[in-house]
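Below, each chain spelled out in residue letters.
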Amino acid sequence: MLRISVIGTGYLGATHAAGMAELGFEVLGVDNDPAKAAALAAGRVPFHEPELPELLAGHVHSGRLRFGTSLVEAARFADIHFLCVGTPPGRNGAADLSQLYSALEGLVPHLTRNCLIVGKSTVPVGTAEALTARIAELAPQGISVDLAWNPEFLREGHAVFDTLHPNRLVFGVTTPDAEWALRQVYSTPIADGSPVVVTNLPTAELIKVSANAFLATKISFINAMAELCELTGADVTLLADALGHDDRIGRKFLGAGLGYGGGCLPKDIRALIARAGELGAGEAVEFLRDVDTVNQRRRERVVRDTLNLVRATGNARPRVGILGAAFKPLSDDVRDSPALDVAKRLHSAGVEVSVYDPAATNPARAVAPQLIYTATAAAALHEADVVLHLTEWSEFRDLDPVFLRTVARGGVIIDARNTLDPEPWLAAGWDFRAFGRLVERRTTPSLAFPLPDSVPVQPNPASEPARALVTPSPLTRLRSRVRRTA
Ligand code: UGA
């Protein structure tokens, strides 16, 4: 049975280590942070990821999964070493690869047998080739070390599922032995139908960054359309639905709203721009700067509208209640979180900001202690002049707008994620706003044609559309003209 080490046990490495144990391997996870390694060794996951605590604790207790801090131990233990360390943004957005180099420097000189090192971290194209040269310098005499690149595509919040059931496996390899070894590691998902793409090192590196760049582009595309929808009275959610019915386009990642954030999409797109510039191909990815700009504009837009609303109240100490701090639901990750960014900017502009998030309160408080954090959504909305829905946790869809209307001071909610049903909020008297989405009370048909005599016609109190709560749209104006002229 192959023995596996996983070097770097952050979000990616901890999940990968537990996933490898679940696939039947003996696994050693190594981290240079003793506190993190100790927590994992005790079966505790130091971040929020559904299903991971149970999976990890189960394999720690069975003895198949261990954690420690020694790369020397990893070198002696494993046949395959997965590199899962961070590649955070460095100068000018380029990826900082120092953790990769120091992992190799701690590992390779201590190897005692031939092995395969597999990079999973997201890296600029060309990195694996440079690492291959460094490995050759570091390897002990007579030890053969192969390097492969096997990028990770897991989504936070679904990391366990994505690890055990990858929607594709990419093997960037230079030898048949490396491909063979990776096919052994992933034999279960391959047997379950996960497709395998075998390629060279630069293609594997580029596949990962271009996947994230494409996802970011898709989100900014729909957000750019949302800007046009707002000006023209079109509805971006219906536009996205209609586009999504074309299976060449697909509906996923066409959720217009506050835009993307997190530890991957924003960083990877900037690193790709930086790398393309180094390669003299800056023009080829120039459009990615616009993708980034559109994304930033969403945050600015929410901040601007909110400040206009709170200033209009005339309150000396305006208050905004915020639903969500994590960069997306099912995660407590606040790295480049659009929600927290908006909250911090409002606070800097003199607004009192209270935030509720089902999972991310502690990480948010660590980086933004100036905000007020509450234990419930209702507490965050207490005496709020404006309410912002910034992270689309499913529990926010079940809030009681009638009760919350008695808690908040002002009655305005901005659904910056376009995932709340406006109807109950409007019915409870809220001024419900959204960006690029038409917000109107649902109406029953207005019976514009005569019914047979036998059907009693009831007056329909709901037939008058509520005022459009986005800027009155041309569509609404057209409808009222039609009503007037009918
Ligand atoms: C992303 C990729 O989706 C993964 O495939 C990849 O493995 C991972 O980065 C990585 O490089 O490690 P993740 O960062 O977990 O995964 O988040 P996503 O689910 O991609 O969401 C990113 C952001 O886009 C979130 O802020 C989300 O709210 C936003 N988003 C997503 C939208 O604004 N609209 C959408 O329609 C979808």
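What you are looking at is a predicted structure, and each value in this text was computed from that prediction instead of being measured.

Moving on, we get to helix H5 (residues 98-107). By the burial criterion, the buried members of H5 are Leu100, Ala103, Leu104 and Leu107. End-on, the buried residues of H5 take up no more than an arc of 95 degrees, which puts them together on one face. Residues of H5 that are buried sit in contact with strand E1 (3-7), helix H4 (71-77), strand E4 (80-83) and helix H6 (127-138).

Taken together, 21 residues surround the ligand, and among them Glu156, Gly255, Tyr260, Gly262 and Cys264 come closest. For the shell around the ligand, the leading source of residues is helix H10 (residues 201-232), giving three residues. Partitioned by chemical class, the residues of the shell around the ligand number ten nonpolar, seven polar and four charged. Each of domain 1 (3-199) and domain 2 (209-293) accounts for three or more of the residues forming the shell around the ligand.

Okay, the domain arrangement of the protein next. Segmenting the protein into domains produces domain 1 (3-199), domain 2 (209-293) and domain 3 (294-434). For domain 2 and domain 3, the distance between their C-alpha centroids amounts to 24 Å. Listed per partner, the contact involves 18 residues of domain 2 and 18 residues of domain 3. Where the side of domain 2 that touches domain 3 is concerned, the elements lending two or more residues are H10 and helix H13 (287-313). Of the residues belonging to the side of domain 2 that touches domain 3, the class tally is six nonpolar, ten polar and two charged.

Moving on, we get to the packing of H10 against helix H12 (residues 265-278). Look at H10 against H12: their axes get within 9 Å of each other, and the N-to-C directions meet at 115 degrees. The orientation of H10 with respect to H12, classified from their angle, is roughly perpendicular. Helix-helix and strand crossings are classified by hand; for H10 and H12 the assignment is left-handed. Across from Val209, Asn212, Ala213, Leu215 and Ala216 in H10, the residues of H12 making contact are Leu265, Asp268, Ile269, Ala271 and Leu272. Of the residues that constitute the contact of H10 with H12, the class distribution is eight nonpolar, one polar and one charged.

Another aspect to go through is the sheet that holds strand E10 (residues 352-356). In space, the six strands of this open sheet follow the order E11-E10-E9-E12-E13-E14, with parallel pairing throughout. A single partner strand is all that each edge strand has here, and the edge strands are strand E11 (372-373) and strand E14 (431-434). Relative to E11, E10 runs parallel, the two being bridged by two bridges. If you follow Ser354 over to E11, its bridge partner there is Ile372. Strand contacts of helix H14 (residues 338-348): strand E9 (319-323), E10 and strand E12 (386-389), with the helix running at about 160 degrees to E10, the strand carrying the most contacts.

Now for the packing of H13 against H14. Between H13 and H14, the shortest axis-to-axis distance is 10 Å and the interhelical angle comes to 40 degrees. The pairing of H13 with H14 is recorded here as oblique in orientation. In the packing of H13 onto H14, the handedness of the crossing is right-handed. On H14, the residues that touch Arg299, Val302, Val303 and Thr306 of H13 are Pro338, Asp341, Val342, Arg345 and Leu346. Counted by class, the contact of H13 with H14 contains five nonpolar, one polar and three charged residues.

So, on to helix H3 (residues 52-62). Of the residues making up H3, those classed as buried are Leu55, Leu56, His59 and Val60. One side of H3 holds all its buried residues, which, seen down the axis, span an arc of 125 degrees. Of the residues in H3, the exposed ones pointing more than 90 degrees away from the buried face are His61 and Ser62. Against the buried residues of H3 lie helix H1 (11-22), helix H2 (34-41), strand E3 (65-68) and helix H7 (159-164). Downstream of H3 by one or two residues, Gly63 has phi in the positive range, about 90 degrees.

A few words now on unusual backbone geometry. Phi at Phe253 is positive, roughly 65 degrees, even though this residue is not glycine. Summarising the element assignment, Phe253 is placed in the loop between helix H11 (236-244) and H12. With a phi close to 55 degrees, Asn418 is a non-glycine residue in the positive phi region. As for its placement among the helices and strands, Asn418 is situated in the loop between strand E13 (412-415) and helix H18 (422-427).

Rules behind the numbers
The numbers attached to residues start from 1 for each chain and follow its sequence in the written order. Given that this is a predicted model, residues contribute local features only at a pLDDT of at least 70 and side-chain atom pairs are listed and counted only at 80 or more, while totals for whole chains, interfaces and linings are drawn from all residues. Using C-beta atoms placed from the backbone, we call a residue buried if 20 or more other C-beta atoms fall within 10 Å of its own, exposed if 12 or fewer do, and partly exposed for counts in between. Secondary structure elements follow DSSP: runs of H or I no shorter than four residues count as helices, runs of E no shorter than two count as strands, and numbering proceeds from the N terminus. Each C-beta atom gives one direction from the helix axis, and the arc is the one those directions make. The contact criterion used here is simple: two residues whose C-beta atoms, placed from the backbone, lie within 7 Å are in contact. We call a residue near a molecule or strand when the C-beta position, derived from backbone atoms, sits within 6 Å of it. Classes in brief: Ala, Val, Leu, Ile, Met, Phe, Trp, Tyr, Cys and Pro nonpolar; Asp, Glu, Lys and Arg charged; the others, Gly included, polar. Either an automatic procedure or a domain database provided the assignment from which the domain bounds are taken. Axis definition: a line fitted to C-alpha atoms, limited for helices to the stretch in contact. Angles are taken between N-to-C directions and run from 0 to 180 degrees. Working definition: roughly parallel below 35 degrees, roughly antiparallel above 145 degrees, roughly perpendicular at 65 to 115 degrees, and oblique for all remaining angles. Handedness of a crossing is defined here by the sense of rotation of the near helix relative to the far one, left-handed for an anticlockwise turn of less than a right angle and right-handed for a clockwise turn. Paired strands are those between which DSSP finds at least two bridges.

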